[in-house]
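Coordinate inspection notes
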Amino acid sequence: MKADVLVIGGGSAGLAAAVSAARSGARTVLIERHGMLGGMGTASLVHTFCGLYLIDGDSPEPANDGLPMEIADRMRAATGRDAVKMGRVWVLPQHPVDFAAIADAMVREAGVEVLFHSELVALEPGWKARVACRGSILKIDAGAVIDCSGDAVAAAALGVADERAAPEKLQRPAYVCGVQGVAGELAGLELAGRIVEGIRSGDLPKAALGMHFRVSGRTGEVFGTLDLSGEETGTYDPTDPGCLSALESTGREVAQRVMLYFRGNQPGWEAAYISHWPARAGVRESRRWIGEVTLTGQEVLAGARHDDDIALAAWPLELRETNRGPKLRYPENGRAAGIPSGALKAKGLERLFVAGRCISCDHEAQASIRVMGTCFATGEAAGRMAASSLTS
Ligand SMILES: Cc1cc2nc3c(=O)[nH]c(=O)nc-3n(C[C@H](O)[C@H](O)[C@H](O)COP(=O)(O)OP(=O)(O)OC[C@H]3O[C@@H](n4cnc5c(N)ncnc54)[C@H](O)[C@@H]3O)c2cc1C
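Residues numbered from 1 in each chain as written. Predicted model: local features only at pLDDT ≥ 70, side-chain atom pairs only at ≥ 80, totals over all residues. Heavy atoms only, no water.

1. Digging into the overall build of the protein
- Along its length, the protein carries nine helices and 18 strands.
- On C-alpha atoms alone, the protein measures out to a radius of gyration of 20 Å, which is about the 21 Å that the 2.2 N^0.38 rule sets for 392 residues.
- Taken over the C-alpha atoms alone, the protein extends approximately 65 × 50 × 40 Å along its principal axes.
- Residues classed as buried in the protein amount to 54% of the 392 residues present.
- Put simply, of all contacts in the protein between residues at least 6 apart along the chain, 74% involve residues at least 24 apart.
- The average position of the 41 basic charges and that of the 47 acidic charges among the side chains of the protein differ by 2 Å. (Helix = DSSP H or I, 4+ residues; strand = E, 2+ residues; numbered from the N terminus. Rg over C-alpha atoms; globule rule 2.2 N^0.38 Å. Buried < 20%, exposed > 50% of the residue type's maximum accessible area, 1.4 Å probe, protein only. Contact = heavy atoms within 4.5 Å. Lys, Arg positive; Asp, Glu negative; His and termini not counted. Charge placed at Lys NZ, Arg CZ, Asp CG, Glu CD.)

Now the structure itself:
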């Protein structure tokens, strides 16, 4: 199979990269190992778009026009929900079910060839990709490649060096599940208190402390998010199958125990039940590419701009180095920093681009640029860059 542009991974970044490359006229193939697009925003049930709007705005002012706003408009039309202000930032609630459908429509309209259940297993310069699907290997020859895997899998496949924070610094993972049958208003503080009671009485494990709930916008439905330490089986390594397996089973076990406890002890939750598990536990940070330029947290905090910026990073550093909630660090005067194009170009590798949470940046900058609104923007830019690299 031949492609002008091969996009690896169809999360927020890969969706935008593929649509943007196809709209730029490139024959674009998008491979995704799951059966739907959206990445963490669907498979892991992450249900809020952050980074779409400027910090401290009196109203939701777009940080990046183009695909981020197009996706936001489609989401608002699907859910009927508008952006809401939380402290200094505006966020857009999103529903994973709608996100998957919106993504399908966008790639179809743009003419992207999507291969679901297809996982990159090897890559050679040139670019020659080997993609596994149900025991068969498909070969794809591509003019340009965009790694939107979130885990810099193309770097691993090529055997080139990547960047990674120390295990104890990596942003912690979380497990999000869908819950139905909740009656009445969601009283966040009361629920948190109920969990503490359950731990004190010995009915709930200590790990339940990290669980909180948010309405989904659909009647009776909420999302439960359990912050995990990642150290359930020892050192946290989001690329290790044993560690990932422990995240999945611990997430399900603790969520189920909380649900049982709430059914017996929390008014309005008598008929509540877990309606869906995520396809995978949520991982915030793993490998990152080493690019021509590395965006730093200091630059994000200074609201730095560069001559070749392709997008703005409009989210504070959201550090989650423990499972006890985020530490937010805001840029000076709330000014959004620019993301330079060099952070999307793999160092020393022609026509290999990267977008989303594994672009070339340090651990602190990743705590800002990983949000989905920014991933749409880096994806769109990488798609354009990849398409134009074929003619330059
Ligand atoms: C628990 C949690 C809560 C979060 N909360 C928010 C929030 O409220 N708001 C917000 O905006 N962001 C939030 N984030 C961050 C955000 O969801 C992610 O950083 C963002 O979705 C990353 O997008 P991405 O496209 O870079 O990667 P991903 O969403 O991880 O997508 C990568 C895709 O590549 C695919 N893939 C990987 N390897 C291969 C391969 N070898 N072959 C083929 N396909 C492959 C994967 O299946 C996946 O679909 C949260 C993250 C987590 C984990």
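2. Quick word on the nonpolar core
- By size, the foremost hydrophobic cluster in this structure holds 82 residues, and its most contacted members are Leu6, Leu15, Phe49, Ile146, Trp289 and Ile339.
- With nine residues, the top contributor of residues to this core is helix H9 (residues 372–389).
- Setting aside its immediate chain neighbours within four residues, Leu6 contacts Val29, Ile31, Ala129, Ile140, Ala142, Ala144, Val145 and Ile146.
- Membership of the second largest hydrophobic core comes to 30 residues, among which are Leu191, Leu226, Tyr261 and Val283. (Core = buried A, V, L, I, M, F, W, Y, C linked by side-chain atoms within 4.5 Å.)

3. Considerations on the site of the ligand
- Near the ligand there are 32 residues, and of these Glu32, Met40, Thr48, Arg370 and Met372 occur at the shortest range.
- Residue Ala13 places a main-chain N or O atom 3.0 Å away from an oxygen atom belonging to the ligand.
- Contact between the ligand and Arg357: an oxygen atom at 2.9 Å from a main-chain N or O atom of the residue.
- When the ligand is considered free in solution it has 1000 Å² of accessible area, and contact with the protein chains removes 95% of it.
- Residue classes in the shell around the ligand are distributed as 14 nonpolar, twelve polar and six charged. (Near = heavy atom within 4 Å. Polar contact = N/O pair within 3.5 Å; in protein donor to acceptor, adjacent residues only side chain to side chain. Areas by Shrake-Rupley, 256 points an atom, 1.4 Å probe, with all protein chains shown as cover. Nonpolar A, V, L, I, M, F, W, Y, C, P; charged D, E, K, R; others polar.)

4. Brief notes about the sheet that holds strand S5 (residues 89–93)
- The strand order across the open sheet formed by three strands is S3-S5-S4, and the pairing between neighbours is antiparallel. Single-partner strands in this sheet number two, and they are strand S3 (48–49) and strand S4 (84–86).
- In terms of strand pairing, S3 meets S5 through two bridges, oriented antiparallel. Bridge pairing links Thr48 to Pro93 in S5. (Pairing = 2+ DSSP bridges.)

5. A look at the domain arrangement of the protein
- Along its sequence, the protein is carved into domain 1 (2–166 + 285–389) and domain 2 (174–276).
- Inter-centroid distance (C-alpha atoms) of domain 1 to domain 2 is 28 Å.
- Domain 1 puts 16 residues into the contact, and the matching count from domain 2 is 19 residues.
- Of the roughly 1400 Å² buried between domain 1 and domain 2 on both sides combined, carbon and sulfur atoms contribute 52%.
- One can count two salt bridges joining domain 1 with domain 2. (Domains from an automatic or database assignment. Buried area = accessible area lost by both parts, 1.4 Å probe. Salt bridge = Lys/Arg side-chain N within 4 Å of Asp/Glu carboxyl O.)

6. Description of the pairing of strand S11 (residues 211–215)
- Sheet topology places S11 next to strand S12 (residues 222–227); five bridges connect them, and they run antiparallel. Opposite Arg214, over in S12, you have Phe223 as the bridge partner.
- The antiparallel pairing of S11 with S12 creates a hairpin that spans six residues between the two strands, and Gly217 there sits at a positive phi of about 95 degrees.

7. Quick word on the side chain of Thr42
- On the secondary structure map, Thr42 appears in the loop between strand S2 (28–32) and S3.
- A relative accessible area of 4% means that Thr42 is categorised as buried.
- Filtering out sequence-adjacent residues up to four positions away, Thr42 remains in contact with Met36, Leu37, Pro96, Phe99 and Ala100.

8. So, the packing of helix H5 (residues 188–200) against helix H6 (residues 241–265)
- Running from N to C, H5 and H6 point in directions that differ by 105 degrees, and their axes come no closer than 11 Å. For the element pair H5 / H6, the angle class is roughly perpendicular. Where H5 approaches H6, its residues Leu191, Arg194, Ile195, Glu197 and Gly198 are matched on the opposing element by Val258, Tyr261, Phe262 and Asn265.
- Tallied by class, the residues present in the contact of H5 with H6 amount to five nonpolar, two polar and two charged. (Axes fitted to C-alpha atoms, helices over the stretch in contact; angles between N-to-C directions. Parallel < 35°, antiparallel > 145°, perpendicular 65-115°, else oblique.)

9. Concerning the sheet that holds S11
- With antiparallel pairing, four strands are arranged side by side in an open sheet as S11-S12-S10-S13. Every other strand in the sheet has two partners, leaving S11 and strand S13 (273–276) as the edge strands with one partner each. Here the strands of the sheet are splayed against their neighbours by 40 degrees on average, with no regard to which way each runs.
- Against the sheet, H6 makes contact with strand S10 (174–180), S11, S12 and S13, and its axis sits at roughly 40 degrees relative to S10, the strand it touches most.

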